[in-house]
Amino acid sequence: MGWAGVCLLCLLTWLGCSPAGESGKMVRSGQVDVVSLNEGWTFARYGLQADGTLREEPEGMYATGWDDSSWRKLDVPHDFAIEGPFRMDLSGNTGRLPYQGIGWYRKSFVLDSTDADKRIYVDFDGVMAYAQVWLNGQYVGGWPYGYNSFRLDLTPYVRTGGENLLAVRTDTEKWESRWYPGAGIYRNVWLVKTGQVQVKHWSARMRTACLTESTARLDLSLEVENHLDKDVEAVVKGEVYELDSTDCFGRRVLRLPAQEVRLSARSAQAVKLEDELDDYKRWDIGSPNRYVARLTVSVGGQVTDRYDVPFGIRETEFSRQGFFLNGRKVALQGVCLHHDLGALGAAFNLSAQERQLRIMQEMGCNAIRTSHNPPAPELLDLADKMGLLVMDEAFDAWARGKRTWDYNKLYNEWHEKDLQAMVRRDWNHPSVIIWSIGNEVMEQRDVEMTRHLAGIVRELDDTRPVTAGYNNPNGGRDSNAARELDLMGVNYFFGQQARWDEDERYKDMPTVGTETSSCVSTRGVYFMGDTLRKNFQISSYDLDSPGWGCSPDRQFATNARFPHLLGEFVWTGFDYLGEPTPYNSDNTNLLNFRTDPSKQEELKKKLEELARIQPPSRSSYFGIVDLAGFPKDRYYLYQSHWRPELPMAHILPHWNWPDRIGQVVPVHVYTSGTEAELFVNGKSWGRRSKREGQDFRLVWDSVVYQPGSVRVVAYKNGQKWAEDEVQTTGEARKIRLEADRNSLDAGSRELAFVTVRLTDEEGRTVPTACCPLKFEVEGAGELVATDNGDPISFTPFQSAEREAFNGLALAIVRARKGAAGEIRVRVSGEGLEPAVLQLEAR
Ligand code: GAL
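Thresholds, definitions, all that
- Throughout this description, residue numbers start from 1 for each chain and increase along the sequence as written.
- Local features are withheld for residues below a pLDDT of 70 in this predicted model, meaning they are given only at 70 or higher, and side-chain atom pairs are given and counted only at 80 or more; totals for whole chains, interfaces and linings count all residues.
- Where side-chain values are given, they derive from all heavy atoms of the structure, hydrogens and water being excluded.
- Only DSSP runs of H or I covering at least 4 residues are called helices, and only runs of E covering at least 2 are called strands; the numbering of each starts at the N terminus.
- We compute the radius of gyration over the C-alpha atoms and compare it with the globule rule, which gives 2.2 Å times the number of residues raised to the power 0.38.
- For each residue, the accessible area found with a 1.4 Å probe, counting protein chains only, is set against the maximum for its type, and the residue is called buried under 20%, exposed over 50%, and partly exposed in between.
- Residue contacts follow a heavy-atom distance rule, with two residues in contact if any of their heavy atoms lie within 4.5 Å.
- Using the Shrake-Rupley algorithm and a 1.4 Å probe, accessible areas are obtained, with residue cover drawn only from the displayed protein chains.
- A residue counts as positive if it is Lys or Arg and as negative if it is Asp or Glu; His and the chain ends are not included.
- In plain terms, the charge of a residue is placed at NZ if it is Lys, CZ if Arg, CG if Asp and CD if Glu.
- In short, DSSP must find at least two bridges between two strands for them to pair.
- Each Phe, Tyr or Trp ring, with Trp reduced to its six-membered ring, pairs with another whose centre is within 6.5 Å; inter-plane angles below 30 degrees give stacked pairs, above 60 give edge-to-face pairs, and intermediate values give tilted ones.
- Comment: the charge-over-ring label is applied if NZ (Lys) or CZ (Arg) is within 6 Å of the ring centre and within 35 degrees of the ring normal.
- Two N or O atoms form a polar contact when they lie within 3.5 Å of each other; inside protein one atom must be a possible hydrogen donor and the other a possible acceptor, and for residues adjacent in sequence the pair counts only when both atoms belong to side chains.
- Here the nonpolar core consists of buried residues drawn from Ala, Val, Leu, Ile, Met, Phe, Trp, Tyr and Cys, with membership extended through side-chain atoms lying within 4.5 Å.
- UniProt positions are given in the numbering used here, feature names are shortened, and annotations may be inferred rather than shown by experiment.
- A residue's pLDDT is the predictor's confidence in that residue, given on a scale from 0 to 100.
- The disulfide criterion is simple: two cysteine sulfur atoms within 2.5 Å.
- We call a residue near a molecule or strand when any one of its heavy atoms sits within 4 Å of it.
- Here the axes come from fitting lines to C-alpha atoms, over the contacting stretch only for helices, and the angles between their N-to-C directions go from 0 to 180 degrees.
- For this classification, under 35 degrees means roughly parallel, over 145 means roughly antiparallel, 65 to 115 means roughly perpendicular, and everything else is oblique.
- Handedness of a crossing is defined here by the sense of rotation of the near helix relative to the far one, left-handed for an anticlockwise turn of less than a right angle and right-handed for a clockwise turn.
- Residues were grouped as follows: Ala, Val, Leu, Ile, Met, Phe, Trp, Tyr, Cys and Pro as nonpolar; Asp, Glu, Lys and Arg as charged; and all remaining residues, including Gly, as polar.
- One less than the residue count of a helix, multiplied by 1.5 Å, gives the span that helix is expected to have.

## Section: the overall build of the protein chain
Along the backbone of the protein chain there are 10 helices and 49 strands. Taken over C-alpha atoms, the radius of gyration comes to 27 Å for the protein chain, in line with the 28 Å a tight globule of 842 residues would show. Taken along its principal axes, the extent of the C-alpha atoms in the protein chain is 90 × 65 × 60 Å. Going through the 842 residues of the protein chain one by one, you find that 62% of them count as buried. Restricting the contact set of the protein chain to residue pairs at least 6 apart, pairs at least 24 apart contribute 73%. Just so you have it, the protein chain exposes about 31900 Å², and 47% of that area is on carbon and sulfur atoms. Considering the protein chain, the positive charge centre built from 100 side chains and the negative charge centre built from 119 side chains are found 1 Å apart.

## Things to note about the environment of Gly789
By secondary structure assignment, the location of Gly789 is in the loop between strand E45 (781–787) and strand E46 (801–803). Residue classification places Gly789 among the buried positions, given a relative accessible area of 7%. A C-alpha to C-alpha distance of 10.0 Å links Gly789 and Lys632, two positions 157 residues apart in sequence. Sequence-distant contacts of Gly789, defined by excluding residues within four places in its chain, comprise Asp626, Leu627, Ala628 and Phe805.

## Looking at the sheet that holds strand E22 (residues 322–325)
What the three strands build is an open sheet, ordered E21-E22-E23; its pairing is antiparallel. Looking at which strands have only one partner, the edges of the open sheet turn out to be strand E21 (316–319) and strand E23 (328–329).

## Here's the deal with the packing of aromatic side chains
A complete count under the given rule lists 33 aromatic pairs for this structure. Judged by centre distance (6.5 Å) and plane angle (75°), the ring pair of Trp571 and Phe622 falls under edge-to-face. Placement of Trp571 in strand E33 (residues 567–571) and of Phe622 in the loop between helix H9 (597–613) and helix H10 (634–642) is noted, with a sequence separation of 51 residues between them. For the pair formed by Trp571 and Phe622, the shared burial category is buried. Ring-pair connections join several aromatic residues into one group, and the members of that group are Tyr145, Tyr147, Trp175, Phe395 and Tyr407. Geometry around Tyr121 places Arg151 over its ring, the cationic atom sitting 4.8 Å from the centre.

## Structural notes on the side chain of Asp461
Relative to the assigned elements, Asp461 resides in the loop between helix H5 (447–460) and strand E28 (466–470). Among the residues examined, Asp461 registers a relative accessible area of 0% and is labelled buried. At 2.8 Å, the side chain of Asp461 and the side chain of Trp435 are in polar contact. Dropping the residues within four chain positions of it, Asp461 is found in contact with Arg205, Val423 and Trp435.

## Looking at the nonpolar core
Grouped together as the largest cluster of nonpolar side chains are 205 residues, with contacts concentrated most on Phe124, Leu154, Leu295, Leu332, Val335, Ile437 and Trp655. In this structure, Phe775, Ala804, Ala809 and Ile823 belong to the second largest nonpolar core, which totals 29 residues.

## A word on the UniProt feature "domain: DUF4982" (unreviewed entry) in the protein chain
In this numbering, the UniProt entry assigns the feature "domain: DUF4982" (unreviewed entry) to residues 662–722. Counted over residues 662–722, helix gives 0% and strand 54%. Its end C-alpha atoms are 28 Å apart.

## As for the confidence of the model for the protein chain
On average, residues of the protein chain carry a pLDDT of 95, and 97% of them reach 70 or more. Per-element confidence in the protein chain is highest for strand E25 (residues 367–369), whose mean pLDDT is 99, and lowest for helix H1 (residues 3–15), whose mean pLDDT is 42. Segment residues 1–16 is flagged for pLDDT under 50; beyond a separation of four residues in sequence, or across chains, it makes nine contacts in the model. Residue range residues 18–22 is modelled with pLDDT below 50. Its contacts to residues more than four positions away, or to other chains, number 14 contacts.

## Thoughts on the state of the cysteines
Inspection of every chain in the model, using the stated rule, returns zero disulfides. Looking at the unpaired Cys365, the closest cysteine sulfur is the one in Cys336, lying at 10.0 Å. For Cys365, a relative accessible area of 2% translates into the label buried.

## Considerations on unusual backbone geometry
Cis geometry marks the peptide bond from Met128 to Ala129, where omega comes out at -10°. Within the secondary structure, Ala129 is located in the loop between strand E7 (119–124) and strand E8 (131–135). Omega for the bond connecting Leu652 with Pro653 falls within 30 degrees of zero, at 5°, which places this linkage in the cis form. Structurally, Pro653 is set in the loop between strand E34 (649–652) and strand E35 (667–671). A positive phi is found at Asp247, a non-glycine position, where the angle reads about 70°.

## A few points about helix H3 (residues 377–386)
Counting buried positions along H3 yields eight of 10 residues, so the element is predominantly enclosed. Within H3, burial applies to Pro377, Glu378, Leu379, Leu380, Leu382, Ala383, Asp384 and Met386. Looking one or two residues beyond H3, the residue adopting positive phi is Gly387, at roughly 80°.

## Considering the sheet that holds strand E49 (residues 835–841)
Taking strand neighbours across the sheet as the criterion, the five strands line up as E42-E49-E48-E44-E46 in an open arrangement whose pairing is mixed. In the strand order of this sheet, the two ends are held by strand E42 (743–744) and E46, each with one partner. Where strand E48 (residues 821–828) meets E49, seven bridges bridge the pair, whose relative direction is antiparallel. Note that in E49 the partner of Val825 across the bridge is Leu837.

## Remarks on the site of the ligand
Around the ligand sit 13 residues in total, of which Arg178, His372, Glu440, Ser518 and Glu579 are the nearest. For the ligand, an oxygen atom lies 2.6 Å from a polar atom in the side chain of His372. For the ligand, whose unbound accessible area comes to 300 Å², protein coverage reaches 99%.

## Some thoughts on the packing of helix H8 (residues 552–561) against H10
One can describe the packing of H8 onto H10 by two numbers: an axis separation of 11 Å at closest approach and a directional angle of 20°. When the axis of H8 is compared with that of H10, the two are roughly parallel. As for the relative orientation of H8 and H10, their crossing is right-handed in sense. In this structure, H8 contributes Pro552, Asp553 and Phe556 to the contact, and H10 contributes Arg634, Leu637, Tyr638, His641 and Trp642. By residue class, the composition of the contact of H8 with H10 is five nonpolar, one polar and two charged.

## Quick notes on helix H4 (residues 411–426)
Because an α-helix packs 3.6 residues into every turn, residues spaced three or four apart end up facing the same way. Between the first and last C-alpha of H4 there are 21 Å, a value that for 16 residues agrees with the 22 Å anticipated at 1.5 Å per step. Of the residues making up H4, those classed as buried are Tyr411, Trp414, His415, Asp418, Leu419, Ala421, Met422, Val423, Arg425 and Asp426. Tucked into the core, H4 has its buried residues touching strand E9 (138–143), H3, strand E26 (389–393), strand E27 (432–439) and H5.

## Some thoughts on the pairing of strand E16 (residues 232–243)
Among the 12 residues in E16, nine count as buried, and that is most of the element. Sheet analysis places E16 next to strand E17 (residues 249–263), joined by 10 bridges and oriented antiparallel. Bridge pairing links Tyr241 to Arg252 in E17. Following E16, the chain reverses through five residues before pairing antiparallel with E17; Asp247 in that reversal takes a positive phi of roughly 70°.

Now the structure itself:
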């Protein structure tokens, strides 16, 4: 090996990759010659401003000569609405945040003269909304639906050997939503280069079949495009490598037989590369083995394009017997997730997304429904790597909207393009197991439309079932529209399951709970007696839900009673910005009772009342985990049920009730055990046991409160299984900081999530402490945002001062760009001993 080889080896070792793969690391699915365009944009907001005033939008801001020297300098992903301020005059549905406005972004980049013969594209992973794009003063194109990824061909407009100016206009003034959508270039942007003969964007599709335990069939189809004015002979090769969880290429396992294609001038042709792979490893939730097919296209011995197709080999089957993954029955223990990342708003960040998914997985969740739109592509990459299953969903509305300015305005012109974009972008992900064409759309009874949309999906991919979320399951069934789907997707109303099971037309159709429970609660808040709601907060005994929902326990009982159900997707895994039901006056809620006039009437009155009161709520109460990422009690209820093999017990509420000495404080216990005994200050309150399929929590309703300790000992099969104890604490005196990582990569905008805990002298978290805190970050780092999970806090997320909420707060920290060395996170508050945490920027 020469010096060059040694250096390459060093570089690959440094990147953490084995040198077996010819180029080490995959950047992303698709063309290999790709660079990030995230850095160095300028930004200005026009139209509706954050404070509600108007700023006129001048003409011609796409021009190269436009003076943008006064514009803000920033990097994308960027969400210009998350800066707030929260405003009471804005709707709670969309987080009381000023997301409506016009964003202008400009960025210059240099193309080398060696790029002269190349094709140059820009890939936007998502722009909210109505994106329009110019290059060097000329209009290139756009994409209105804010949740889809899209590519634009810059080739006719680029200047090689010089500067290029990309200008993007985003418009959310006429985008309405039932939740907080964010605004601006909120996902990654990429510059892609290829030769004139290339793999067509998103054309490469790997289909796999497990032929035997040891042999799999790989069937890779793609289209090759010739952009030249002459005919060419191209050779397409494909090599298959193992791909590890850091996207490093491992061993080469297969060379697919190469194909020669004759392409006439300016034409495209389909190509197939097929072979069998021996000794393959299946992708599964516990062993997410991945491969990548590296494609090369060459003409006359010259490589003109390279393209990576990551994939996994797994078998899925859906039937009335259940969902089977690699022949094993797996109950879908899923959650619905909206796209925002709490205090970061809609601005995508990989470490924030990964944290969400890890917290969900730790709970025992094995599936995510990307409600109600295509996610950031990285969410699916993470799901592939982590072994999570995904229901990939396209729309919340079709041609008849739920809002004047929602998808209905786009449907006619765009639904086909949007649906195809989702399927083509996502079809190689082993994690994606179900396509959903819509959520609670107005046309649930429409046979033609359902057939049409399902058809668009099936034409591209017939290996995954198509479903939709019905909140009018009877309507969908009666009209036969639901028969156009492969899976019946039911949102709530499982009380009718027995009747549905008798319906001849649907008796063979698998059913999945596309949305369940909608339990609402505020972390750490408990009300006694019959009070469930007070001061715009909701008791965390996990018994409250809007009229269409139910407690998690009740849904578990339904699932147990109807074992043919494939499982459920709980509404929701995390709290999200907007839709603060039941403190939300959104009339679309009435649609959940479209066949029940008396319930509609009742809810209508409530909504009118809410519109009058104007609650200050700005984020949801549905989350199993709060907006800051702190588990609510419910987290342990799901964990106890979804991870029965994990010994655990969790007591609620906390044990600081100075005003209730001698009065009843009900104690509930979530445990994966089957029985438990409760003790208050050593005195037993008796042993309780769960009835199989009926009880999912243990309840001691008449416990009389005395300060001290409440302790539970749980049993399983007669054996001691798990314990939990909650103690009455003293006043908050100290601060404890815990980060989810110690070192931060400055380049990738990695974030550290620092949990701030207020403790008493003895280090016990004080569950009622809400002290004001001050956050400082020094050295090589900076504070990105703070949060505490309180759904009625109007403190801006960027604020370095924030109260703790029920004992906890969160600081989100990153390394300063290009910085290395020590980062010090300091948190202080009056009467509290300050705390400092050290992190490392690299
Ligand atoms: C469903 C809807 C969700 C959310 C939820 C709240 O009907 O599909 O988007 O609004 O209700 O319970």
